[in-house]
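Breakdown of the fold
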Amino acid sequence: MPIYQPWCHGNLTRSKAEDLLSKAARDGSFLIRDSESIQGAYALCVLYQNCVYTYRILPNEDKKLSVQASEGVPIRFFSMLPELVEAYYSPNMGLITHLQYPVQREEEVDEEPESNNLPPQLPPRNFLANDIKDSDPKSPEQACKSLSDTFLMRLQHMDMSTIPEEQQAAIQEYFRTSICLDAEQLQNGNPNLPGLKKLTMTICKNVNSEISRILPTLEVFQRVLDQQLPPGIGQFTKQMSVDSGQSVSFRLEQLTRLIYSIEEKAKNAVFDSVGYDGGHRRSLIPIVIFEVLFQKVKQELLGISTKMFLKVDVEGGKIYFKKSKDGPEDKYYVHNKILQLVKSQKMHAKLVIVLETEKEKILRREFVFDDTKKREGFCQLLQQMKNKHSEKLEPDMITVFVGTWNMGNANPPHNINTWFQCKGQGKTRDDTADHIPHDFYVIGTQEDPLGEKEWADTVKGVLRNITNISFKQVAVHTLWNIRIVVLAKPEHENRISHVFSDSVKTGIANTLGNKGAVGVSFMFNGTSFGFVNSHLTSGSEKKLRRNQNYISILRFLNLGDKKLNPFDITHRFTHLFWLGDLNYRVELPSTEAEYIVTKIKQQQYQEILSKDQLSMERDDGKVFLHFDEEEITFAPTYRFERDTREKYAYTKAKATGTKYNLPSWCDRVLRKSYPLVHVVCQAYGCTNDIMTSDHSPVFASFEVGVASQFVSKQDPNSAPDGGIQFMNCVATLLTKSKTKFFIEYHSSCLEKTVKTSEGENKDHLDGSIKVWFGNQVQLTPIISDPEYLLDQHILICVKSTDCDESYGEGCVALRAAQFSYTEFSITLTHQGEKTGTLTGGIQLHTSEVKTTEKLYDFIKVERDDPVTSKGKGSDHNKFSVSQTHDISNPSYMGLSYKTGNVIDRGWSYSMPPKNLPIAVQGSKDSKKSGYDVGTRSPTGKSLNPIGEDDKMFDNPLYGSMRLHNWGKDQDLPQKDHLIPPDPNFTPSKAADGDPDRPPVPTPRNRSFTCSETKPHLPSPVPPHVSAHKKPVVPSRSEGGMVNNRPPLPIKSRPGLPEAQKPRDYRDSSELPSKHRPPARPGQQQTQRHAS
């Protein structure tokens, strides 16, 4: 499409097109945008009587264009869009009105070059003859002469005193004559540049002869190490002596490869000779001893504690209890006798270890560690022990390291270990966890001056030194100086598949790659992962441009399953991690610079964070909708003076005056996961000792639940057929379009994509439309085993019937329907924007099978009793008769430490307790104890092996909460009362039309969008079923509930202690107290116990 046409808007979003036409406010105003559903097609949008009418422009096999207009109008074909537009300026062409006023695109301010007075650094490329010829209409002879003069002039300014005279003469001769000959050869189709090759051979002739001299010696050495040579290595000497014309770079590459091979073989030989099993197969974690305070029951009541030592042998699979550090072990327990670790939520250094004795007696031992980091290190070591000695063939939990660093176009220092060990400021790992390797390392860099292989080898070398493991490269992708590297443990090599990588440019005019994003995606067994590393527009005042960068990356980065074409990357992956130099700044006046620096030195970040542009834009729903970010407890990572972390260089002198770059958190890591999956952030901070750039490296690590490639234990011939049933779905769409809609259901667990019949439009008020999809839809899974289905998710897309474009996408977790019929409410989004909500019910029909306990269920969180006793090491009365209340960690429930606001998770469920009959779920009896749900994990396994229901609750990712109201999004409608499902499960057949809709130019009903509000009759309400109110279960993914159904703040929960200040991970000073949101009226009356 010619970009110079005023009506041509290219990749404009549908909602933006409606806004532009509404602003035009003249009948006959029009624009053309790209179709969102069919590649190569367009959408003609016309304004008439405050309504926007949309017509598709489709190409045929001969690439002729035609408009799908009213029935009875002959179809006309056009070769070009301008020809088509010119024709439709005439009336009576089948449109609602003829075209009159083209609506021009809004002015976009292109990104300016970086503020270092230099143009954006270009990637390495061959830029000589052709580039200059294209930009200067000179003859080839003139271009060559200009090129030669330019380089000779540059050569005169070079210090060549250390270069031999003969080599100086060779370089001068090349720029004087040979470069023109090379340019001529290139124009004639010969890309070998013989003049340059001759010059290189002349300069490197000594290196060439030295290679020929030392290569035979190295080959003999290798034969001694390994009789079976890799193919081709044995012929190196012969080949090189015969073909002396081979390029030096090729010979050096062969030499380097040979040296690498020798190093690897020598290491293997030495390791095997001493019986060492760690070099390239697995990491050896040393024994670690923790000093703790041991609390017996009677001692705890009196506030008495005894010093003890816990010795953790990960490799041996044992934990020892010792009275003295160097004394004998009193007792030890093998890994399979360590049943559970229970963290105290009130006292962050306390931990309960649940053990099984030889007589199958359950013991509960309470310990207090020196600090929270020591407790976390201990838990990570024991989790590593359980994982290492597990009898499971496939893991159900892995850890992922994510790092981002703007290198400032400077080479890294020799030692960057602390980055990968998560050491420095913020939420950091304890020293005892240094030797625990992550399963994946994802490293994103910006302004990276190194070559792709050089940087990848550097990272591998660092990890080899830290973990003693040679990590495998999953993928590496580079856009100019933006790079992402993904490495994995060797043992995971066969579990990784469907690896994709892509990039998007967002630099000047969206054509330069100095800004943009690179991404990598892959499958790990049955779980999909996506990683995006982005470098967004710089400048404190360019917040809106950064928002545009984000939307562009979201729309055009092509990763993941290509069958999920209607969904952007935020819906394509079980876990999506977004990292990089996002360049969002602190929005304070430059006069506050010294005040900001003072606050940073005092480690009082909250006031500055309240003006963080990214946080404010996220709160307004403009970027990173439904993403999570761990609490920031580290200093701003930009802009430092290089070679120090003690001083921020926040001013820069320019010709136009002084420019301010206030200290800011430019470098970030965010994440977004499907509902009800396990993900916990273990670390988030920045380094203190890597100072070559004006940015500090940022690290984050995550504990992530994964699904295995499932093999059912059931006999496929005798296994009952499973079913997934959706019913009573109601979509509320934030659009004025009067077109009809249908729903598409996508999932890897389904035999095919399922489409519903056309929905019934009920309301059209306040710029939104309510669509009722009354028919029940049955989905058939490929495997009916519940252990498989409970890990699956259904992606939902609401589409228009006339142009097949998406009006909103969302995701529903099948785990929500594990026990019974469940109501859900999800926020619909499209291309990064909120487009509405979808409510409905889901029922899962499968056989009763005992599900396997997951590794991440090994660690629980315990709610301490509010009645405290005196004495060190005891902070509550364990035997208090007062009712204890299960709640989740606030960071999982949606209570943000940063702002005190409820985080909009984008979804919520009403999950009833498994042990309660459906008919009495709304009764008072069901409120007496919240532990039927609270003490069960979504795996269905009891989480209370010691029978203390009033003291234990499940992993904070799973819980139960009573559905009350919609929270701060008051514009959202109240959920309609849903019709309960048929217990016999006899749904009507899904209206599944032809899944393939070929883009043929056929007449169709017009799609139009109305921008005026008209009164409508109220929609009918289904029968009210008061006895079937369900409690809402909070998020399993770290974060919380949808903001329209927030959980109770801590202070509002009855019987709980006052909210404590969140734990601080810095070495010194404490953060100011965080504010909690106030309780809403009536919320305590609807409180449900959550796990």
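Predicted model only: the values in this text are computed from it and were never measured.

Things to note about the pattern of salt bridges
Tallying each qualifying case throughout the model produces 34 salt bridges. One salt bridge connects K543 with E617, and the closest N-O pair in it is separated by 3.6 Å. Of this pair, K543 sits in helix 14 (residues 543-556) while E617 sits in helix 17 (residues 613-619); the two residues are 74 residues apart in sequence, bridging distant segments of the chain. We note that K543, like E617, is buried. The network of salt bridges with shared partners includes D612, R618, E629 and R668.

Section: the confidence of the model for the protein
With 68% of its residues at a pLDDT of 70 or more, the protein shows a mean pLDDT of 76. For residues 913-1091, every residue scores under 50 in pLDDT, and the model assigns this stretch 524 contacts once sequence neighbours within four places are set aside.

Brief notes about the sheet that holds strand 20 (residues 527-535)
If you walk across this open sheet you meet the five strands as 18-19-20-21-24, and the pairing is mixed. Edge positions in the open sheet fall to strand 18 (496-505) and strand 24 (667-673), since each of these has one partner strand only. Each strand axis lies, on average, 15° off the axis of its neighbour in the sheet, ignoring direction. Note that strand 19 (residues 516-524) and strand 20 share nine bridges and pair antiparallel. Residue pairing in the sheet places F524 in a bridge with T527 of strand 20. Of the strands in this sheet, strand 18, strand 19, strand 20 and strand 21 (575-581) are in contact with helix 14, which crosses strand 18 at around 140°.

Examining helix 11 (residues 372-388)
With 17 residues, helix 11 ought to run about 24 Å at 1.5 Å a step, and its terminal C-alpha atoms sit 24 Å apart, in line with that. N-cap assignment for helix 11: the residue whose side-chain oxygen lies 3.2 Å from the backbone N of K373 is D371.

Regarding the pairing of strand 12 (residues 362-368)
Burial analysis of strand 12 places five of its seven residues in the buried class, which makes it a mostly covered element. Judged from the three bridges that link them, strand 6 (residues 288-295) and strand 12 form a sheet pairing that is antiparallel. Looking at strand 12, one finds that L293 is bridged to V368. In textbook terms, the turn of a hairpin is the stretch between consecutive antiparallel strands, and for strand 11 (residues 350-356) and strand 12 this stretch comprises five residues, one of which, E360, has a positive phi near 60°.

Focus on the sheet that holds strand 17 (residues 482-488)
As summarised here, the arrangement of the seven strands in space is 14-25-26-13-15-17-16, forming an open sheet in which the pairing is mixed. Two strands bound the open sheet, and with one partner strand each, they are strand 14 (425-427) and strand 16 (472-479). Between one strand and the next, the sheet's axes are offset by a mean angle of 10°, whatever the strand orientation.

Structural notes on the environment of K834
Mapping K834 onto the fold places it in strand 36 (residues 833-845). Using a relative accessible area of 24% as the deciding quantity, one classes K834 as partly exposed. Distance from K834 to H626, taken between C-alpha atoms, is 9.9 Å for residues 208 residues apart in sequence.

Concerning unusual backbone geometry
For the bond running from Y638 to R639, omega is 10°, close enough to zero to count as cis. The topology assignment puts R639 in the loop between helix 17 and strand 22 (651-654). The phi dihedral of W480 is positive, around 55°, even though this residue is not glycine. Within the element layout of this structure, W480 appears in the loop between strand 16 and strand 17. With a relative accessible area of 17%, W480 lands in the buried category.

Regarding helix 1 (residues 14-24)
Turning to helix 1, its buried residues number three or more, namely R14, A17, E18, L20 and L21. Summarising the axial view, the buried residues of helix 1 lie within an arc of 165°, below the 170-degree limit, and thus occupy one face. Following helix 1 by one or two positions, A25 has its phi on the positive side, about 60°.

Some points on the packing of aromatic side chains
The tally for this structure, following the rule as stated, stands at 37 aromatic pairs. With a centroid separation of 5.1 Å and an interplanar angle of 25°, the aromatic rings of F440 and F522 are classed as stacked. Taken together, the residues F440 in strand 15 (residues 440-446) and F522 in strand 19 connect sequence positions 82 residues apart. F522 shares its class with F440; the two are buried. Geometrically, the ring pair formed by F440 and F524 is edge-to-face, given 5.6 Å between the ring centres and 80° between the ring planes. Of the two residues, F440 is situated in strand 15 and F524 in strand 19; the sequence distance between them amounts to 84 residues. Each of the two residues, F440 as well as F524, counts as buried. Cluster of aromatic residues (ring-pair linked, three or more members): F440, F522, F524, F529, F531, F577 and F702. For R546, the ring lying beneath its charged end belongs to Y584, and the centroid distance is 5.2 Å.

Structural notes on the side chain of H793
By the secondary structure assignment, H793 is in strand 33 (residues 793-800). Given a relative accessible area of 10%, H793 falls into the buried group. Side-chain polar atoms of H793 contact the backbone oxygen of P675, separated by 2.8 Å. Leave out the neighbours within four places in its chain, and H793 touches Y674, P675, V677, H746, S747, C811, V812 and A813.

Cut-offs applied
Residues numbered from 1 in each chain as written. Predicted model: local features only at pLDDT ≥ 70, side-chain atom pairs only at ≥ 80, totals over all residues. Heavy atoms only, no water. Salt bridge = Lys/Arg side-chain N within 4 Å of Asp/Glu carboxyl O. Helix = DSSP H or I, 4+ residues; strand = E, 2+ residues; numbered from the N terminus. Buried < 20%, exposed > 50% of the residue type's maximum accessible area, 1.4 Å probe, protein only. pLDDT = per-residue confidence, 0-100. Contact = heavy atoms within 4.5 Å. Pairing = 2+ DSSP bridges. Axes fitted to C-alpha atoms, helices over the stretch in contact; angles between N-to-C directions. Expected span 1.5 Å × (residues − 1). Polar contact = N/O pair within 3.5 Å; in protein donor to acceptor, adjacent residues only side chain to side chain. Arc of directions from axis to C-beta. Phe/Tyr/Trp six-rings, centres within 6.5 Å; stacked < 30°, edge-to-face > 60°. Lys NZ or Arg CZ within 6 Å of the ring centre and 35° of its normal.

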